[in-house]
Amino acid sequence: MNRIHLLSDEVASQVAAGEVVERPASVVKELVENSIDAGAKQIEVLVRRGGISLIRVVDDGCGMNRDDALLSLERHATSKIRTGADLAALHTLGFRGEALPSIASVSRFRLCTREHDAEAGTEIQITGGKIDHVRDAGEAPGTQIEVRSLFFNLPARRKFLRTENTEMSHVEHQLALQAIGHPEIGFVFRTDQRLVFQIPATTSLHQRIRDLWGASLADELLEVPPMERDGVRIHGYVGRAGVSRSTRTQQLTFVNGRAVENSVLTHALREGYHTSLMKGQSPITFLFIELEPEAVDVNVHPAKREVRFREPSRVREAVVEAVRAALESDRERWSATFVAPEKPVEENAAAAESPSATQTALPLPMENLVIHDRVEPAPQTSSPTPAAPPPPLPEVRHTDGWVVTPEPPRAIPVGAPPPERYAPGTLRVAPPLSQTTFTGNASNPAGDAPSRSFRLLGVLGSLYVLMENEGGLVLVDQHAAHERILFEQLQRRIEEQGVPVQRLLVPVTLELGARDSDWVAQNLATLQKMGIGMEPFGAGTWKLDSLPQFVRLGDPLRLLREVIDELRTVSSSTSKLRLGEDVIAKTVCRAAVKANDILREPELIRLIEDLLRCDLPYCCPHGRPTMIQISYSELEKKFGRKV
Ligand code: ADP
Ligand code: MG
């Protein structure tokens, strides 16, 4: 007796459905992608009970005639590719011709579709893969698909579904992905009774993000300056340094318009953020990567979530560069001048109110870091400030974040090296420190960034430097701030002079496992550049005879283990060197001002000044924030002045 037979189409579809249709969100994904491929301008989605009882997707795309509508429900029927060569250069989201028959085989399925110039449309009703009826229908042009009772005929599969709420949140995430990927399409999303979102078509990705997630998220983002490197084009938005999430749900990456998950991209993002990302956190990204379709293989996973790059390093390097460019562009937001105007604050406030004075507030060029002395004697002296009552805050907060100074600013050299260390003093600085004002520069005339003028108020708990700006209260963690300053200082020194090396008086021998030993052998040159000198010393054993100078000698094996683990995750040689920064960062932490070191006023001023000069001033080398802003509106909410 023959044992082998062909599966019926129905069963074959159910098998395929197992791969394509994992849960309601997968149905939503396939249907919405079809609508996008059909050129829809508007897509409406209705979901009941987490998508288990109903999913309806309505679009105003090209629609289908009756023959095509019937064919679309056959396995491997597609209008999107014809030959294997087409598969290598996809321009559409779909191509497998599997989604509709798969979905129809595991649900009660209804398709209504009409081409724009057709007199009548077609309605097809299918239950568990069997056609119930095909008839004329008078719906609006476009396509409407209803999927009811998902997995009604596959109880095992149905048992794997989570709660309705969980399924709903997957659906919502999926729709958010599609909506971000296609701002030019309007989306409406309804659940049982609720309108979840209704977002208009827009040409602006930023507007789309704002429409979906609100201004609070949109304001935390930086534009990735559109760039092209080696044929890879990148644009989009990423979270500012120090802005992150504990999950990857807001790490959105798109390759040629398709939302994808890809470990090359995840690693590249981490590498781009590097020290701007807290351990264990994920960045927020809306990153669009375009490259020639031939260089991407989408045909990896039936749900097309994954892609493979033909040359991963080409993509990775472009992404790293794009992220870094975005983070560094943000430097201008805080990059600041330190201004202590020569006239008392009251007079300045008055000057600010006079229109002629406002006219003089010309944007300062980026490199114009200036210092004004207003305190007499100069603030560099360590004489304690007399405990006079703080001058009243200026009533008028000037426009655009400019502090109006009647006198032209006096420039000081930008590259003046910051002090090695902020020696803890014994003198507690009592308020007022109000005579010191730090002013932002003119690099952002659009005025969308928060105020760039800071006034020192005092120190809280020997740790938090309190400042005010136009937006409200600014808190600086003096320890984190000092870490950032030292970190960049060391980085610069290493760039210029190489890693200073200390030779060990007594070389340490280390026994590494076979794997690590092999890795070390392959990467001796990189380690050498980082100041780690090693020589083979018999099977699996190494002699360590030098270390970077700034590393404490306590536990060389642990240091080495950290370095190996971190370097393993990257492959290109430039990245390996960059990762040497991590070692620096960790070491710097120990040398930085302790949380409760009491700083004298001039030291505080210097600290803030140096911080604002850093490339990435708003987070420490471990990605923790150095500054936080508590806005007036937050304060007003807390005091019940505003709801
Ligand atoms: P694929 O998208 O991989 O081609 P599907 O099973 O998802 O396979 O769809 C099969 C075909 O049905 C598509 O190629 C397309 O021609 C047609 N189709 C599906 N959905 C729509 C829609 N919303 N509007 C117009 N045509 C559609
Ligand atoms: Mg499809």
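**Student:** Would you mind showing me how to read the sheet that holds strand E15 (residues 285-290) here?
**Tutor:** Strands belonging to one sheet form pairs held by backbone hydrogen bonds; the direction of such a pair is parallel or antiparallel. Ordered in space as E9-E10-E15-E12-E13, the five strands form an open sheet in which the pairing is mixed. Edge positions in the open sheet fall to strand E9 (221-229) and strand E13 (258-259), since each of these has one partner strand only. The sheet contact formed by strand E12 (residues 251-255) and E13 spans two bridges and is antiparallel. By the bridge assignment, Phe254 is partnered in E13 with Ala259. In the packing of helix H10 (residues 263-273) onto the sheet, the strands contacted are strand E10 (232-239), E12 and E15, and the crossing angle to E12 comes to about 120°. Packing against the sheet, helix H11 (residues 312-329) makes contact with E9, E10 and E15, and its axis sits at approximately 140° to E9.

**Student:** Honestly, the sheet that holds strand E25 (residues 541-548) in this entry has me stumped. Any pointers?
**Tutor:** With respect to topology, three strands assemble into an open sheet ordered E23-E25-E24, the strand pairing being antiparallel. Each having just a single partner strand, strand E23 (501-511) and strand E24 (533-536) make up the two edges of the open sheet. Taking each pair of neighbouring strands and ignoring which way they run, the sheet shows an average axis angle of 20°. As judged from the four bridges shared by E24 and E25, these two strands associate in the antiparallel manner. Bridge pairing in E25 links Gly533 to Ser546.

**Student:** What is the right way to look at helix H2 (residues 24-37) in this model?
**Tutor:** Here H2 spans 20 Å end to end across 14 residues, near enough to the 20 Å set by a 1.5 Å rise per residue. Of all 14 residues that make up H2, twelve are buried, and the element is covered over most of its length. The complete set of buried residues in H2 reads Pro24, Ala25, Ser26, Val27, Val28, Lys29, Glu30, Leu31, Val32, Glu33, Ser35 and Ile36. In the segment just after H2, Gly39 is the residue with positive phi, at about 80°.

**Student:** Hey, could you run me through the packing of H2 against helix H7 (residues 164-181) in this one?
**Tutor:** The relative placement of two packed helices comes down to the angle between their axes together with the axis-to-axis distance. It is the contact of H2 with H7, at a shortest axis distance of 8 Å, that shows an interaxial angle of 25°. As judged from the angle between their axes, H2 and H7 are roughly parallel. Read as a crossing pair, H2 and H7 show a hand that is right-handed. Contacts between H2 and H7 involve Pro24, Ala25, Val28, Lys29, Val32, Glu33 and Ile36 from the former and Glu167, His170, Val171, Gln174, Leu175 and Gln178 from the latter. Its residues assigned to classes, the contact of H2 with H7 shows seven nonpolar, three polar and three charged.

**Student:** Where do I start with the site of ligand 1 in this structure?
**Tutor:** Around ligand 1 sit 20 residues in total, of which Asn34, Thr78, Ser79, Lys80 and Gly97 are the nearest. At 2.6 Å, a side-chain N or O of Thr78 approaches an oxygen atom of ligand 1. Within the backbone of Gly97, an N or O atom sits 2.7 Å from an oxygen atom of ligand 1. Listing elements by their share of the shell around ligand 1, those giving two or more residues are H2 and helix H5 (99-105). Among the elements that line the shell around ligand 1, the one with the most residues is H5, at three residues. Split by residue class, the shell around ligand 1 holds eight nonpolar, eight polar and four charged.

**Student:** Hey, could you run me through unusual backbone geometry in this one?
**Tutor:** What is expected of a backbone is that most residues other than glycine have negative phi and most peptide bonds are trans. A positive phi angle, close to 50°, is found at Asn256, a residue other than glycine. When you line up the elements, Asn256 lands in the loop between E12 and E13. Judged by relative accessible area, which is 28%, Asn256 ranks as partly exposed. One non-glycine residue with positive phi stands out, namely Ser462, at about 55°.

How each quantity is defined
- Residues numbered from 1 in each chain as written.
- Chains lettered and ligands numbered in written order.
- Predicted model: local features only at pLDDT ≥ 70, side-chain atom pairs only at ≥ 80, totals over all residues.
- Heavy atoms only, no water.
- Pairing = 2+ DSSP bridges.
- Helix = DSSP H or I, 4+ residues; strand = E, 2+ residues; numbered from the N terminus.
- Contact = heavy atoms within 4.5 Å.
- Axes fitted to C-alpha atoms, helices over the stretch in contact; angles between N-to-C directions.
- Expected span 1.5 Å × (residues − 1).
- Buried < 20%, exposed > 50% of the residue type's maximum accessible area, 1.4 Å probe, protein only.
- Parallel < 35°, antiparallel > 145°, perpendicular 65-115°, else oblique.
- Left-handed = near helix turned anticlockwise from the far one by under 90°.
- Nonpolar A, V, L, I, M, F, W, Y, C, P; charged D, E, K, R; others polar.
- Near = heavy atom within 4 Å.
- Polar contact = N/O pair within 3.5 Å; in protein donor to acceptor, adjacent residues only side chain to side chain.

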